[in-house]
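Here is how the chains run, residue by residue.
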Amino acid sequence: MANFPERVFSGVQPTGNLHLGNYLGAIVKFVELQRSHECLYCVVDLHAITVPQKPAELKASIRELTAAYIACGVDPAAHVIFNQSQVSGHAELAWVFNCVARIGWLNRMTQFKEKAGKDRENASVGLYAYPCLMAADILLYKATHVPVGEDQKQHIELARDVAQKFNLDFSESIAANGFGDQFFPLPEPLIQGPATRVMSLRDGSKKMSKSDPSDYSRINLSDEPDAIAQKVRKAKTDPEPLPSEVEGLAGRPEADNLVGIFAALSGRAKAQVLQEFGGAQFSAFKTALADLAVDRLAPIGVEMRRLSADPAYIDGVLVDGAARARKIADETMKAVKDVLGFVR
Ligand code: TYM
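Residues numbered from 1 in each chain as written. Predicted model: local features only at pLDDT ≥ 70, side-chain atom pairs only at ≥ 80, totals over all residues. Heavy atoms only, no water.

S.K.: When you look at the overall build of the chain in this model, what are you seeing that I'm missing?
M.R.: On a plain count of helices and strands, the chain comes out with 14 helices and 5 strands. Taking 344 residues into account, the globule formula puts the C-alpha radius of gyration at 20 Å, and the chain, at 21 Å, falls close to it. Taking all 344 residues of the chain together, 51% fall into the buried category. Of the contacts made within the chain by residues no fewer than 6 positions apart, 77% connect residues no fewer than 24 positions apart. Summed over its atoms, the accessible surface of the chain is roughly 15700 Å², and 52% of this surface lies on carbon and sulfur atoms. Separation between the mean location of the 39 positive side-chain charges and that of the 42 negative ones in the chain comes to 3 Å. (Helix = DSSP H or I, 4+ residues; strand = E, 2+ residues; numbered from the N terminus. Rg over C-alpha atoms; globule rule 2.2 N^0.38 Å. Buried < 20%, exposed > 50% of the residue type's maximum accessible area, 1.4 Å probe, protein only. Contact = heavy atoms within 4.5 Å. Areas by Shrake-Rupley, 256 points an atom, 1.4 Å probe, with all protein chains shown as cover. Lys, Arg positive; Asp, Glu negative; His and termini not counted. Charge placed at Lys NZ, Arg CZ, Asp CG, Glu CD.)

In structure tokens form, the structure reads like this:
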């Protein structure tokens, strides 16, 4: 088995309404991993166009997400922040992976089923092939670790399957070209902590999502402090006081969600939060949660607005990041072409 140096890759779609789920499920981990790993964080604009986008809004969302990465604490000098469309290797490798992955694998993807809904015939081919592009994002950099929320687990598993099939299908050529016995690593999802699946504040059975028509269902990273506090206060709960043990959260999705959010924002486990708040009414807990959320999130909103006022700086970060990403990507693509037998 080949040994690959550890490298982190992850991405977020620039589709507006960046929310607490994106932050706790993914971006907080992006920030932590910078201390121990070489990291690439991508604004996945090619993924965004799998559903219709208005060009002017897409451009604004790409810049807003870049500002959010930086405002949350990703360091664009020490690590790489870039947008996917500036590195052509993503689309190229995705095509190769379209030819490696099997239709049966994609047919099992639950996110496609959810997003395409009943009108599947009318969904874009891109939405269907989306997981192959995601596999390309990760494997273009031979990334070994991928921090994501729970909802992306199946896509990372598909990326592992693609890597494994490529390694196997082309094993002779991989060896003949001097790449040993494994061309791609099998990337590992990093899905940890108390908030890997943050739920809607209006309905504990639905994921917090950018596309929920109710703005009260989510806390946006760009929300002002008043809005953050009000959304917490209005969050759906049940009539019982909080339990003292984690087991007591079973069957209480709204309580479980708010406790998970509190735990993640305060860097504690749910059990520790319940030690403090067990027996408390929601009114008291929500006051503490609103204060915590405002403390943690309001400065991010302020910094996002400050950075967004300087699009030239943001665009510079993306151009510089893309140049650094391209260095790695071009090497991989040359090697992939050799393995496939393409003349270059
Ligand atoms: P996206 O843009 O939908 O979401 C970005 C990240 O946020 C996480 N997330 C959540 N985590 C917890 N609770 C929630 N309610 C919640 N909602 C979203 C997602 O799990 C994700 O980590 N396909 C990806 C983007 C992507 C990607 C990649 C990720 C493209 N290429 C390569 C990793 C590696 C997506 O649509 O994420």
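S.K.: Would you mind going over the environment of Glu 6 with me for this structure?
M.R.: Relative to the helices and strands, Glu 6 is located in the segment before strand S1 (7-12). Sequence-wise, Glu 6 and Ala 48 are 42 residues apart; in three dimensions their C-alpha atoms are separated by 28 Å. At 2.5 Å, the side chain of Glu 6 and the side chain of His 37 are in polar contact. (Polar contact = N/O pair within 3.5 Å; in protein donor to acceptor, adjacent residues only side chain to side chain.)

S.K.: How do you make sense of the site of the ligand when you look at a structure like this?
M.R.: Taken together, 28 residues sit near the ligand, with Gln 13, Tyr 130, Asp 137, Asp 151 and Val 198 positioned nearest. One of the backbone N or O atoms of Gly 21 is found 3.1 Å from a nitrogen atom in the ligand. In this structure, Asp 151 approaches the ligand through a side-chain N or O atom, which is 2.4 Å from an oxygen atom. Within the complex, the protein chains bury 96% of what would otherwise be the 700 Å² of accessible surface of the ligand. Cavity membership is defined here by more than half of the atoms lying within 2 Å of grid points; on that basis the ligand lies in the largest pocket. For the shell around the ligand, the secondary-structure elements that each account for two or more residues are S1, helix H1 (20-33) and helix H7 (125-139). Taken together, the residues that form the shell around the ligand break down as 12 nonpolar, 11 polar and 5 charged. (Near = heavy atom within 4 Å. 1 Å grid on protein atoms, 1.4 Å probe; cavity = no way out; pocket = protein on both sides within 12 Å on 5 of 7 lines; lining within 4 Å. Sits in = over half its atoms within 2 Å of the grid points. Nonpolar A, V, L, I, M, F, W, Y, C, P; charged D, E, K, R; others polar.)

S.K.: What exactly am I supposed to notice about empty space enclosed by the protein here?
M.R.: Where empty space is left in the structure can be found by rolling a water-sized probe over the atoms. Per the counting criterion, the structure on display carries 3 cavities of 30 Å³ or more. The calculated volume of the largest cavity comes to roughly 50 Å³. Lining the largest cavity are Met 109, Gln 111, Phe 112, Lys 115, Leu 127, Tyr 130, Pro 131 and His 155. Those elements that place two or more of their residues in the lining of the largest cavity are helix H6 (110-116) and H7. Looking at the lining of the largest cavity residue by residue, the class counts come to 5 nonpolar, 2 polar and 1 charged. (Points joined across faces, edges and corners; volume = space filled by probe spheres on them.)

S.K.: Honestly, the domain arrangement of the chain in this entry has me stumped. Any pointers?
M.R.: On domain assignment, one finds that the chain holds domain 1 (7-196 + 310-340) and domain 2 (215-306). Taking the mean C-alpha position of each, domain 1 and domain 2 sit 30 Å from one another. If you look at the interface, domain 1 gives 15 residues, while domain 2 gives 18 residues. Note on domain 1 versus domain 2: buried area summed over both sides is about 1400 Å², and carbon and sulfur give 72% of it. When the area that domain 1 buries against domain 2 is broken down by residue, the three leading residues are Leu 20, Tyr 23 and Pro 194, summing to 39%. Contributions of two or more residues to the side of domain 1 that touches domain 2 are made by H1 and helix H3 (55-72). When grouped by side-chain class, the residues that make up the side of domain 1 that touches domain 2 number 11 nonpolar, 2 polar and 2 charged. (Domains from an automatic or database assignment. Buried area = accessible area lost by both parts, 1.4 Å probe.)

S.K.: Can you help me understand the side chain of Thr 66 in this one?
M.R.: Mapped onto the secondary structure, Thr 66 falls in helix H3. Classification of Thr 66 as buried rests on a relative accessible area of 0%. Look past the residues within four positions of Thr 66 in its chain and what remains in contact with it is Val 43, Ile 81, Ile 314, Val 317 and Leu 318.

S.K.: What am I meant to see in the pairing of strand S3 (residues 80-83) here?
M.R.: The two faces of a sheet get side chains in turn, since along a regular strand they alternate between them. The alternating pattern of S3 places Val 80 and Phe 82 on one face and Ile 81 and Asn 83 on the opposite face, and all of these are buried. As judged from the 4 bridges shared by strand S2 (residues 38-43) and S3, these two strands associate in the parallel manner. Bridging across to S3, Val 43 finds its partner in Asn 83. (Pairing = 2+ DSSP bridges.)

S.K.: Please explain the nonpolar core as it appears in this structure.
M.R.: It is characteristic of soluble globular proteins that their nonpolar side chains tend to be buried jointly. Judged by nonpolar contacts, the single largest core of 64 residues is most densely connected at Tyr 23, Leu 24, Tyr 69, Leu 265, Phe 285 and Leu 297. For this core, the element with the most residues is helix H13 (residues 282-308), which contributes 10 residues. Excluding residues that lie within four positions of it along the chain, Leu 265 makes contacts with Leu 20, Tyr 23, Leu 24, Leu 289, Leu 292, Ala 293, Arg 296 and Leu 297. Leu 93, Tyr 130, Ile 156 and Val 336 belong to the second-largest nonpolar core, a separate cluster that totals 50 residues. (Core = buried A, V, L, I, M, F, W, Y, C linked by side-chain atoms within 4.5 Å.)

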